[in-house]
Amino acid sequence: VGPIKIENNLPDEKVLFLSDIFPTGWMAALNCDIQPGDVVAVWGCGPVGQFCIQSAFLQGAKRVIAIDDVPERLEMARLIGGAEVIDKSNVDDVYKALQDMTKGFGPDKCIDAVGAESHSTSALLNLKDAAFQKMHMPSNRPYVINEAIRSCRKGGVVSIPGVYSDVINGFMLGSAMNKGLTIRTGQTHVQKYLPELLALIEENKIDPSFVVTHTVPLVEAPAAYEMFNDKKDECIKVVLKP
């Protein structure tokens, strides 16, 4: 599929995210092979995670459970996405919380929308990761992918739109194999999904502009990136205007 032309009066903010994060969330949900009645857990409620949540419901999920520790992201997932939420900072064990919410089965499908920059519940491990980063030796952190593997029900699917760059030390491959999990990954096939996703927008089944929290002039881009990176001012997604 080649480039598509927007031939209607849709505002820029409604179609802007067809270029990346909407297809990313959509493909992540497609990789789950969601069936009617499925419970889908999504780790990470940043922009990609928000579209994973919306896409999972559009593809037939019965319930979506979103996991994060940033209040405004959890609030968006709950109020706009319709997800049930787990605040990682308020529970001792995400696995146990998911077991309690699914009557001991675990989610049918799990999505890691965090990737290599996830954080551990161990302060010591987080200090080690921070030290590596300061020395410009960032490592691929296994915390979210391992939590998803541990939490997913036997025979379930783990989908990974979160970015990993190289080898992951401590990856729980044995657990994934013993539980019979399917793991699906991949760079997003943006062009493939453009016509389908544009149709969803035109039919008012989704308004992707929900994720925009800040609109600033292009000249303020450096400050906006810093605000997003530092999670200030309840920033989730910034749109830059020339």
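Data block above holds the structure.
Presented here is an overview of the structure given in this document.

Points about the overall build of the chain
- Looking only at helices and strands, the chain has 10 helices and eight strands in total.
- Put simply, of all contacts in the chain between residues at least 6 apart along the chain, 73% involve residues at least 24 apart.
- Only carbon and sulfur atoms are counted for the fraction: they give 54% of the accessible area of the chain, which is about 12,700 Å².

Some details on the nonpolar core
- Ranked by internal contacts, the top residues of the largest apolar core, which has 23 residues, are Phe17, Leu18, Phe22, Phe51, Leu197 and Val211.
- Those elements that provide at least two residues to this core are helix H2 (21-30) and helix H9 (190-202).
- When residues in this core are grouped by element, the largest group, seven residues, is from H9.
- Ignoring any residue separated from it by four or fewer positions in sequence, one finds Leu18 in contact with Pro23, Val190, Leu194, Leu197, Leu198 and Ile201.

Some points on the pairing of strand E7 (residues 214-217)
- Of the pairings in the sheet, the one linking E7 to strand E8 (residues 238-241) comprises four bridges and is parallel in character. The partner of Val216 across the bridge, within E8, is Leu240.
- Handedness of the crossover joining E7 and E8 through helix H10 (residues 221-229): right-handed.

With respect to the sheet that holds strand E5 (residues 157-160)
- Reading across from one edge, E3-E2-E1-E4-E5-E6 is the order of the six strands in this open sheet, with parallel pairing throughout. The sheet is open, and its two edges are formed by strand E3 (84-87) and strand E6 (182-185), each paired on a single side. Across this sheet, the average inter-strand angle for adjacent strands is 20°, counted without regard to direction.
- The pairing of strand E2 (residues 63-68) with E3 spans four bridges and is parallel. Residue pairing for E3: Ala66 is matched across the bridge by Val85.
- Where helix H3 (residues 47-58) meets the sheet, its contacts fall on strand E1 (39-43), E2 and strand E4 (109-112), and the angle it forms with E2 comes to roughly 170°.

Calculation criteria
- Residues numbered from 1 in each chain as written.
- Predicted model: local features only at pLDDT ≥ 70, side-chain atom pairs only at ≥ 80, totals over all residues.
- Heavy atoms only, no water.
- Helix = DSSP H or I, 4+ residues; strand = E, 2+ residues; numbered from the N terminus.
- Contact = heavy atoms within 4.5 Å.
- Areas by Shrake-Rupley, 256 points an atom, 1.4 Å probe, with all protein chains shown as cover.
- Core = buried A, V, L, I, M, F, W, Y, C linked by side-chain atoms within 4.5 Å.
- Buried < 20%, exposed > 50% of the residue type's maximum accessible area, 1.4 Å probe, protein only.
- Pairing = 2+ DSSP bridges.
- Right-handed = clockwise from strand over helix to strand, strands pointing away.
- Axes fitted to C-alpha atoms, helices over the stretch in contact; angles between N-to-C directions.

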